[in-house]
Amino acid sequence: MSSSKPQPENSSSTLEEIRLARLEKADKIRNNGLNPYAYKWDVTAHAHELQEKYSELANGEEIEAEVSVAGRIIARRIIGKLAFFNLQDETGTIQLYLEKKRISEVMSDNPEAFNTITKLTDTGDILGAKGTIKRTDKGELSVYVQEYAILTKSLLPLPDKWHGLTDVEKRYRQRYVDLIVNPEVRQTFRRRALITASIRRYLEELGFIEIETPVLQSEAGGAEARPFITHHNALDMPLYLRIATELHLKRLIVGGFEKVFELGRIFRNEGVSTKHNPEFTSIEIYQAYADYYDMMELTQAIITKTAAEVLGDLKIDYQGTEIDLTPPWRRVTMNDAVKEVTGLDLTHYTDFAAAKTAAEAASISVPDGCQTLGKLLNEAFEQKVENTLIQPTFIIDFPKEISPLAKPHRSKEGLVERFELYIVGRELANSFSELTDPIDQRERLEAQAAKKAAGDLEAADVDEDFLTALEYGMPPTGGLGIGIDRLIMLLTNCASIRDVIAFPLLKSQSMAIKSFDYDGGKKTLRVEFSHGGIYLYHDVPEEIYKDFQSAPSKGQYFGSHIRDKFGFDREI
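Notes on the structure follow. What you are looking at is a predicted structure, and each value in this text was computed from that prediction instead of being measured.

**Quick notes on the pattern of salt bridges**
So, point 1. By the definition in use, this model includes 35 salt bridges.
So, point 2. Close ionic contact of D125 with K153 constitutes a salt bridge, the shortest N to O distance being 2.8 Å. Of this pair, D125 sits in the loop between α4 (113-119) and β4 (126-135) while K153 sits in the loop between β5 (141-152) and α5 (168-173), and the two are 28 residues apart along the sequence.
So, point 3. Across the pair E528 and K514 runs a salt bridge whose closest N-O atoms are separated by 3.8 Å. One end of the pair, E528, is in strand β20 (residues 524-529); the other, K514, is in strand β19 (residues 513-519), with 14 residues separating them in the sequence.

**A closer look at the packing of helix α8 (residues 246-254) against helix α14 (residues 464-471)**
So, point 1. Between α8 and α14, the shortest axis-to-axis distance is 9 Å and the interhelical angle comes to 25°. If you check the angle between α8 and α14, you find them roughly parallel. The two elements α8 and α14 cross, and the hand of that crossing is left-handed. In contact with L247, K250, R251 and V254 of α8, α14 contributes D465, F466 and A469.
So, point 2. For the contact of α8 with α14, the residue count by class is 4 nonpolar, no polar and 3 charged.

**Re unusual backbone geometry**
So, point 1. A cis geometry characterises the amide bond from P327 onward to P328, with omega recorded as 0°.
So, point 2. Counting through the fold element by element, P328 comes out in the loop between β13 (321-324) and β14 (330-333).
So, point 3. A positive phi angle, close to 60°, is found at N493, a residue other than glycine.
So, point 4. Along the chain, N493 falls in the loop between α15 (484-492) and β19.
So, point 5. On the basis of relative accessible area, N493 is assigned to the partly exposed category, the value being 30%.

**Some points on the packing of aromatic side chains**
So, point 1. Counted according to the given criterion, the structure contains 17 aromatic pairs.
So, point 2. Note on Y292 and Y293: the rings are 4.5 Å apart at their centroids and 55° apart in plane angle, and the pair reads as tilted.
So, point 3. Y292 sits in the buried class, given a relative accessible area of 0%.
So, point 4. Classification of Y293 as partly exposed rests on a relative accessible area of 35%.
So, point 5. Here the aromatic rings of F516 and Y545 are separated by 6.3 Å at their centres, their planes lie at 80°, and the arrangement is edge-to-face. With a gap of 29 residues between them, F516 in strand β19 and Y545 in helix α16 (residues 542-550) connect regions that are remote in the sequence.

**Observations concerning the side chain of Q146**
So, point 1. Tracing the sequence through the fold places Q146 in strand β5.
So, point 2. When residues no more than four places from it in sequence are discounted, the contact partners of Q146 are E66, R102, I103, V106, M107, K130, G131 and T132.

**Description of helix α13 (residues 438-453)**
So, point 1. Compared with the 22 Å implied by 1.5 Å per residue over 16 residues, the 22 Å span of α13 between its first and last C-alpha is a close match.
So, point 2. Here α13 starts with a cap whose side-chain oxygen sits 2.9 Å from the backbone nitrogen of I439, and that cap is D437.
So, point 3. G455 occupies a position one or two residues after α13 and carries a positive phi of about 115°.

**Side note on the sheet that holds strand β1 (residues 62-79)**
So, point 1. Spatially, β1-β2-β3-β5-β4 is the arrangement adopted by the 5 strands of the closed barrel, whose pairing is mixed. Pairwise comparison of adjacent strand axes, ignoring direction, gives a mean angle of 55° for this sheet.
So, point 2. Sheet topology note: the β4/β5 ladder contains 10 bridges and is antiparallel. Bridged to A129 within β5 is Y148.

**Quick look at the sheet that holds β20**
So, point 1. The strand order β19-β20-β21-β22 describes an open sheet built from 4 strands, whose pairing is antiparallel. Sheet topology places β19 and β22 (568-570) at the edges, where each strand pairs with a single neighbour. The sheet shows a mean angle of 20° between the axes of neighbouring strands, taken without regard to direction.
So, point 2. Sheet topology places β20 next to strand β21 (residues 534-537); 4 bridges connect them, and they run antiparallel. If you follow R526 over to β21, its bridge partner there is L536.
So, point 3. Along the sheet face, α16 touches β19 and β20 and points at about 150° away from the line of β19.
So, point 4. Each of β19, β20 and β21 is contacted by helix α17 (residues 554-561), which is oriented at about 55° to β19, the strand it contacts most.

**Thoughts on the pairing of strand β8 (residues 229-232)**
So, point 1. When β8 meets strand β9 (residues 237-241), the two strands line up antiparallel, connected through 4 bridges. Considered in β9, the bridge of I229 is made with Y240.
So, point 2. Here β8 hands over to β9 after 4 residues, with D236 in that stretch at a positive phi of 50°.

**Overview of the side chain of S496**
So, point 1. By the secondary structure assignment, S496 is in the loop between α15 and β19.
So, point 2. According to the relative accessible area criterion, S496 is buried, its value standing at 11%.
So, point 3. In this structure the side chain of S496 is engaged in a polar contact, spanning 3.2 Å, whose partner is the backbone nitrogen of R498.
So, point 4. Here S496 is in contact with Y172, T274 and M489, once residues within four sequence places are set aside.

**Concerning α14**
So, point 1. Every buried residue of α14 is listed here: F466, L467, A469 and L470. Along the axis of α14, the buried positions cluster into a sector of 155°, meaning they face one direction only.
So, point 2. Packing partners of the buried residues in α14 comprise α8 and α13.
So, point 3. A positive phi of about 105° marks G473, the residue just after α14.

**Details of the pairing of strand β16 (residues 415-423)**
When a strand is regular, its side chains alternate between the sheet's two faces.
So, point 1. Along β16, 8 of the 9 residues are buried, which leaves the element largely enclosed by surrounding structure.
So, point 2. Bridge count between strand β15 (residues 393-399) and β16: 6 bridges; the pairing is antiparallel. Across the sheet, residue F394 finds its bridge partner in β16, namely L421.
So, point 3. In this structure, β16 lies alongside strand β17 (residues 426-433), joined through 6 bridges in antiparallel fashion. In the strand pairing of β17, R418 is matched with F432.
So, point 4. Linking β16 to β17, which pair antiparallel, is a turn of 2 residues; within it V424 sits at a positive phi near 50°.

**Examining the environment of V385**
So, point 1. Within the secondary structure layout, V385 lies in helix α12 (residues 373-385).
So, point 2. Each C-alpha atom of the pair V385 and K339 lies 9.4 Å from the other, and the pair is 46 residues apart in sequence.
So, point 3. With near-sequence residues (within four places) excluded, V385 lies in contact with A337, V338, V341 and A380.

Calculation criteria
Residues numbered from 1 in each chain as written. Predicted model: local features only at pLDDT ≥ 70, side-chain atom pairs only at ≥ 80, totals over all residues. Heavy atoms only, no water. Salt bridge = Lys/Arg side-chain N within 4 Å of Asp/Glu carboxyl O. Helix = DSSP H or I, 4+ residues; strand = E, 2+ residues; numbered from the N terminus. Axes fitted to C-alpha atoms, helices over the stretch in contact; angles between N-to-C directions. Parallel < 35°, antiparallel > 145°, perpendicular 65-115°, else oblique. Left-handed = near helix turned anticlockwise from the far one by under 90°. Contact = heavy atoms within 4.5 Å. Nonpolar A, V, L, I, M, F, W, Y, C, P; charged D, E, K, R; others polar. Buried < 20%, exposed > 50% of the residue type's maximum accessible area, 1.4 Å probe, protein only. Phe/Tyr/Trp six-rings, centres within 6.5 Å; stacked < 30°, edge-to-face > 60°. Expected span 1.5 Å × (residues − 1). Polar contact = N/O pair within 3.5 Å; in protein donor to acceptor, adjacent residues only side chain to side chain. Pairing = 2+ DSSP bridges. Arc of directions from axis to C-beta.

In structure tokens:
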């Protein structure tokens, strides 16, 4: 008997049983003379476009103009000689209204056309359909199907409508499923594309040009961060994945370009958190004859213009807090920010021991590696101030010892001309009046190299080629870096950086099989995995072992037929 309710697959079926049943359906589609994996379908309309265009169409009314749509079946209802499918494309969903008589007349060369689409398709299948536009008597805008084609037969079921894909880590691991079942996730990545396009467009309007710089570098520089290390076989040399684009973009300024930028991937061998991913996107911008004041204005302009263009408003909600991006944004020195929150004014101290005592009295923890007033100021800021900076705030004038690439402050001894932008308690941008004195730069890089030699894994080596470039002369330059992922988090109201990176780095769950053997007497299967673990699976029938031996994909067969089916002990 037909039912008016969605037709789910048997909830008691295992994933492998569902897969096998769908494979059988694919074979039946082939036996009916159709290809379950088509080559092409001409699409003339999308769901959102049709919903907008025919929003005023009255119930029961039909428009004779033919449209051709394609998408994924996300729901099916079959009522005798009628069927209703919800089809989802990139823009939204629309109903397919399938009538046996109409389909049989148009697809008369395939007498089983209606049975094929109602009995051999499942949710998750990708379908193409042609027909007219009709609003049903119940008010649902539909494509009144004349003919169709099964474009792709899905072998694995989608998460059901009520339980969905709620396992957060699984959403990140199987982002393709996350995108199918959670339309708001697709919207986040559409908005990401709009944001990066807007930034690029604005900079190009200002006369900047984007030039790509090397990802593989012989020296990792431009930031204090632990790099990823790889090896070039043909040249027999170690290489680093870049931790910044800074030093190569500055070489371009030396070479005569006055406004350059690069928006691209950066790689840092660091921990994973809601604010950090080892592979992330940043934009670095360099402008000759500018300083950090000019970069403050540019930062403010980039973010406000992008927000206005993409969101249509400078007042945005972020996790329940209204953020007002309306310029001008507050500017405060690092020392004054610490003084406001803690009452501690480190400009009053010349003796580190006395300053440390005062800091500890203000509940600031002073780590062993903090041995200077400048580092103490930075510790106080990070521990007590950073998380309080909710509205856009430029923190300016940093200690020299934590800013090896910034120009000394023109009027404040011991400080450099540097700012960081904070919004919602997170750093979004970092900028300097760039250091152009090659002798001063050498001294600072050599100090960094000494720290590295002493065991600091985040310190940089001396980049001799960069120093050579500086000796040819670099004009006064303002430099700016903006964390694109964090900016997108802000403008899409996402709490975690993983929500705005399509495929964030996750710990491997690989079950790659290195070797296996079978004891027929004990019916024990011994499996060694590539991660070094060895497991003994008990009471494994010999036919399972033989099928395992002959399976073209050992990992897939193991996952479907062995891993969760038999008891096991870990040998190693």
